[in-house]
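Chain and residue survey
Next come the chains, spelled out residue by residue.
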Amino acid sequence: MKTGIVTLGRVLDADTVNFYSLTIIVEDHGLPSLTSTGTLIINVEDVNDHHPRFSSDIGYKSSLLEHTSSANASETLTLKLVPALAVFDDDITSNASDIRFRLDGNESGKFSVDEVSGEITVAAKTTFDSDTKNKYLLKLIAEDEYGLGLSSATIVEVFIEDINDNAPVFNEMYVFNVTSSAVIGSQVGRVMATDADSSPQNSAILYFIESGGYGKFRVDSQTGLIRVSSSLVQEPFKDAYELNITAVDLGNPPLSSQTTVQIVVDTSDNKPAVIAPSQNFHLPENASIGDVVGLISLGNVTSDDLEFRLAMSNIPFKMNATSGEILLTSSVDREQTDEVSFTVDIVNHGVPTFTVTTEVKVTIDDVNDNWPQFSAPGGYRGVIVEYTDTMMTDGLVSLNQLIHVTDKDVTEVNRNVSISLSGVGADLFVLDEANGEIRVKQPHLLDFEQTTVYNLQLTATDCGGGGLSTSTNLTIEVEDVNDNGPQFEQNYTFSISPSVQMGSSVGNITAVDLDSSERNNQVTYILLRGGFGKFFIHPDTGEITTTDSLTHEPPIEKFYLEVVALDNGFPRQTTSTVVEVNVAVNHKPTMPLKQEFNVDENVVNGTEVGIVMANDTDIVSGGWQNLTFYMEDNTVPFTIDEETGLIQIAGDIDREVEDRFFFSVFVVDSGTPRYTATSAVVVYVNDVNDNAPVLSGGDLYLGTVKEDDVWANGSQIVQMGLNITAIDLDATSENQQVVLLLDGPGSEMFYLNNETGTVHLTKPGSVDRELNETFYLRILAIDKGGKGLTSSATLKIDVEDVNDNFPKFVQSEFKCTLSSLVGPGDVVGRVTAHDDDATEPNNQLLYLLTNDTLGKFRVDINTGDLIVLESFFSRPRRDEYSLTVEARDMGFPSRTSYTKVTVSAPDLQYNDYPPDIRITSFVIKEELPIGTIIGNLDVVDKDVENTTENIVDLELITNDIDPVPFEVQPTGSIVTTGKIDRDSKTTGKRYFNFKVCATDKGTPPFNVTRDISVIIEDVNDNPPTFTMRKYEHMISDSFPTRTVIATPFAFDSVDETDSVYEYSIAGGKAGVIHIDKSTGVVITTDKAKTLKPDTLTYTVKAVDKENNQLSAEAKLIIKVIKSESPCK
């Protein structure tokens, strides 16, 4: 090729390979010829040449319950499509595969589709009615390139499922006529209801009699035909019957409605005549059980065939069936019931039998059977104050409650109650029965000193005083009047020590009140004034106690307390007295305000310091035995003798810590109360030389010095964090003068400046890091100008290294050969160098790759490892690579060295193409066993063709929230790992979506992820259900053969596929009835006419003809009744 133009050799497909990497070699024609290599990358641009592809070739289905609606624009109702909607586009570019959806067709107006997701929703405020339209066909269109490119279409069928929302409706009122001689089985008439629901199950109707008819009629459950089921001339006989008939559909839940059927019986006119249509009787409430209440009157009608019956059972009467007498069966109470009304049926026993009725009312008459009741059955209590000349009173007794009497009898005569008052002193009081009050007739006759309490009796009698009586107690207390004041018996004087505690008793005083009642003669004591708040008197006992110390200010030797005594009567009476309290007073001792002493530091405990002075005028001449000395300050190193006042040493005394001590000494006398005096004591401490010098840096000083380092001024100072200084804690300047010296091996190389505290090299630049790494010297500090006490510390001087060595590689050249299994990130070799410098970072090395122009490798900067990059496997490729590696130390200035690395690459297999999964959709049936292979993924890799080995690793990608019951095996087989039940309410799904990642085994590995769809087809795996658990019907021997008596119906509400069932019946009497195996309709046989009255129980079974393991059972109860021949 001379022009360098690249032309196509075949048609390109970007969906298969979207780029090519070509190696271009250029060769000249010189001698020798030279070549150069370059890489040409060709990107294949995708064109939109694939139509969108729906996951289902036969379209999609969905269902909605009728009357389902989206209430407003903010609420959405989404269709659930089966199978799940998925659309694929084999174009690889995003805009070619970016799909948009839309709906088309005449029936799409009630729906809308999300143009991005394809989710179909019901339009706002849209409702559906299966009874009007039960299916909608929607055309769903998918267009790529954002709706502007290629398109595909599919059909979505939306079924509107009927719900049982219409009850059966009767369209007319029914009135039928029948003769009383009609035989059993005779047709009376037919009722008919209609149901507007569209599905056969929801619109199927059954009829039954809810109530009425006295069992004389039956209705055919299927046809609504009403027939006679019992003789119309037998008891009970009615000339008209009212039936309540219910029509119920077979929906879930079933709906029903009722209608009333009037049946008029044509009868003869020989009914018995009752003279009185209603009759009244009276009965006293104390009548005995068995008493005759009354006799039903028939006027002049007589008959031996009459029978009397009570139409009610919950009344206290019974009926003599032959005589018509009404008898009492339980007691009656006029206060509970004033009258009883009931109906009596009079039946003749002719043919036909007739019944007539009469209304009876029994009035209950009242008798006096209730005793009067006081409002306070336990008695009443009252209070009145005794009379005095100064009082104004109306004589009203204060009662705990007013006196009232009730009587439960109903009539006014029986509950007319009168009240009387009796007992000793009852003539003094009068009762006002109208308002329930008691008053004193003559108040001046009440005298507390004569009588304190009146115990009387109240008696209530009904019937105006001639009937039943009840009694209760009345207690009236007379209150005393306060007419005497309290009087003190004597004058009171007390003596007390000033040292008594607060609350101590001083003495008791007493006042006497001559009134007799406790309220009036009870005395209360009050301390009116005096005592300066130091005393308290108990208000009930008169005891005087202290409330404060008598030694507190003011110091008084005599107190005068004015005390008032008052009683608790009304009005209150009072008197007063003065109480004298004498207290002995003590005088305070005295001391000098300040006393001073001197003592040397460091003296032993017990050394005498001095004696403090004190004086007390109350003490008898001749000694100090009545004064006590003490100290309260425990922080000072002294004690004091409590009798003599001698101060002694009791701890360490250091002049450098404290030059003087201040504390207080107290003296207390022995008088009452005890008084205390205080003196301030100062003890001065004399200094002695007892402290060695203290080096400010502690026991260890640290310093550094650089090797071969000479400063500009010709000196070299050791760099230290802290200069060397010392202090002396002695107080005087003579003891504080300190001299600093250096001692130890190597100390001659250094000297210490006492003024600055700095350390210098005796000869600058004389230390060498390779000979001496560290110097350990001893620092000496001597006080008193070098003649006193000595302290020492260690001085450590580190010699600092200088970066003066280059890195050295252990080899001048490194070589390595790559393994055929090499991959990205693999270490294929290592370069190693070292640095003779002793310390980091001078001997710490970094490795750098300086000339890898193709970018195939990298060097670990710390270890020197040679690592393959992912780009190694891309073009251009070579059989041998030459690299240069630099080793650089981290000292300053940094020093570097270089080495050559040769990497040989033998024939390697390169990975150029990613794998692909070509089959991504599967259809299976539910209920497959665990471990079933549902299909195989078609996995291909162009790098490895025509091989049966597993060329890729497969991984199923799912999550814990929505797991799938599948696993992918290494061979590409998809296997079930759990139960798949399409109909389960909790875990059932109609499809599963998950992802599978395929990773090839090349270097470097490529992977691809594809969406996998598994559509679940329904199988017949759910048993049927009968519309009712129990069916009840009635037959008679008059029924014609093949009469339909029941239609049990079984259905499957879960599985989508309609099932066909085979019906059978067992139990009861064989051969009497027959069931149609296909429809389940039950009819009579000719043997049914031989049945006698009975109840037969059968079991109806429905078995799925496709899967005979699925079945359901229901009970069929048949009541056999006997038809009667008509009257002759």
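Each remark here, short or long, concerns the structure printed above.
In this report, the structure presented in the accompanying data block is examined. (Residues numbered from 1 in each chain as written. Predicted model: local features only at pLDDT ≥ 70, side-chain atom pairs only at ≥ 80, totals over all residues. Heavy atoms only, no water.)

**Regarding unusual backbone geometry**
- In this model, V82 is joined to P83 through a cis peptide bond whose omega is -10°.
- With respect to the secondary-structure elements, P83 resides in the loop between β4 (60-65) and β5 (87-88).
- Following F892, the chain continues into P893 via a peptide bond in cis, with omega recorded as -5°.
- With respect to the secondary-structure elements, P893 resides in the loop between β68 (880-889) and β69 (896-904).
- Within the chain, E927 stands out as a residue other than glycine whose phi angle is a positive 65°.
- Mapped onto the elements of the fold, E927 is located in the loop between β71 (921-925) and β72 (933-936).
- Owing to a relative accessible area of 33%, E927 belongs among the partly exposed residues under this scheme.
- Residues other than glycine seldom take positive phi values, yet R1042 does so here, at roughly 70°.
- Within the fold, R1042 resides in the loop between β80 (1030-1036) and β81 (1044-1046).
- Accessibility expressed as a relative area gives 61% for R1042, which makes it exposed. (Helix = DSSP H or I, 4+ residues; strand = E, 2+ residues; numbered from the N terminus. Buried < 20%, exposed > 50% of the residue type's maximum accessible area, 1.4 Å probe, protein only.)

**Let's talk about the pairing of strand β35 (residues 469-479)**
- In terms of strand pairing, strand β28 (residues 380-385) meets β35 through six bridges, oriented parallel. Within the sheet, the bridge partner assigned to I384 lies in β35 and is V478.
- As paired strands, strand β34 (residues 453-461) and β35 are joined by nine bridges and run antiparallel to one another. Residue pairing in the sheet places T459 in a bridge with S471 of β35. (Pairing = 2+ DSSP bridges.)

**Structural notes on the sheet that holds strand β75 (residues 966-968)**
- In space, the three strands of this open sheet follow the order β72-β76-β75, with antiparallel pairing throughout. Where the open sheet ends on each side, the last strands, each with one partner, are β72 and β75. Each adjacent strand pair in this sheet contributes to an overall mean axis angle of 20°, direction not counted.
- One ladder, built from three bridges, connects β72 with strand β76 (residues 973-976); its direction is antiparallel. By the bridge assignment for β76, N936 is matched with S973. (Axes fitted to C-alpha atoms, helices over the stretch in contact; angles between N-to-C directions.)

**A word on the sheet that holds strand β20 (residues 278-284)**
- Reading across from one edge, β20-β26-β25-β22 is the order of the four strands in this open sheet, with mixed pairing throughout. Among the strands making up the open sheet, the edge pair consists of β20 and β22 (306-310). This sheet shows a mean twist of 30° between the axes of neighbouring strands, independent of strand direction.

**Details of the packing of aromatic side chains**
- A full pass over the atoms with the stated rule returns 28 aromatic pairs.
- Seen in terms of ring centroids, F1026 and Y1031 are 6.5 Å apart; in terms of plane orientation they differ by 80°. Their pairing is edge-to-face.
- For F1026, a relative accessible area of 8% corresponds to the buried category.
- Here the aromatic rings of F1049 and F1051 are separated by 6.2 Å at their centres, their planes lie at 15°, and the arrangement is stacked.
- Assessed through its relative accessible area of 31%, F1049 is described here as partly exposed.
- If you follow K110 out to its NZ or CZ, it ends over the ring of F128, 5.6 Å from the centre. (Phe/Tyr/Trp six-rings, centres within 6.5 Å; stacked < 30°, edge-to-face > 60°. Lys NZ or Arg CZ within 6 Å of the ring centre and 35° of its normal.)

**Some thoughts on the pattern of salt bridges**
- By the definition in use, this model includes 20 salt bridges.
- One salt bridge in this structure joins K808 and D836, with 3.5 Å as the shortest N-O distance. Of the two residues, K808 is situated in strand β61 (residues 808-809) and D836 in the loop between β64 (833-834) and β65 (845-849); the sequence distance between them amounts to 28 residues.
- For K808, a relative accessible area of 45% gives the class partly exposed. (Salt bridge = Lys/Arg side-chain N within 4 Å of Asp/Glu carboxyl O.)

Just distances and angles here, no functional claims.
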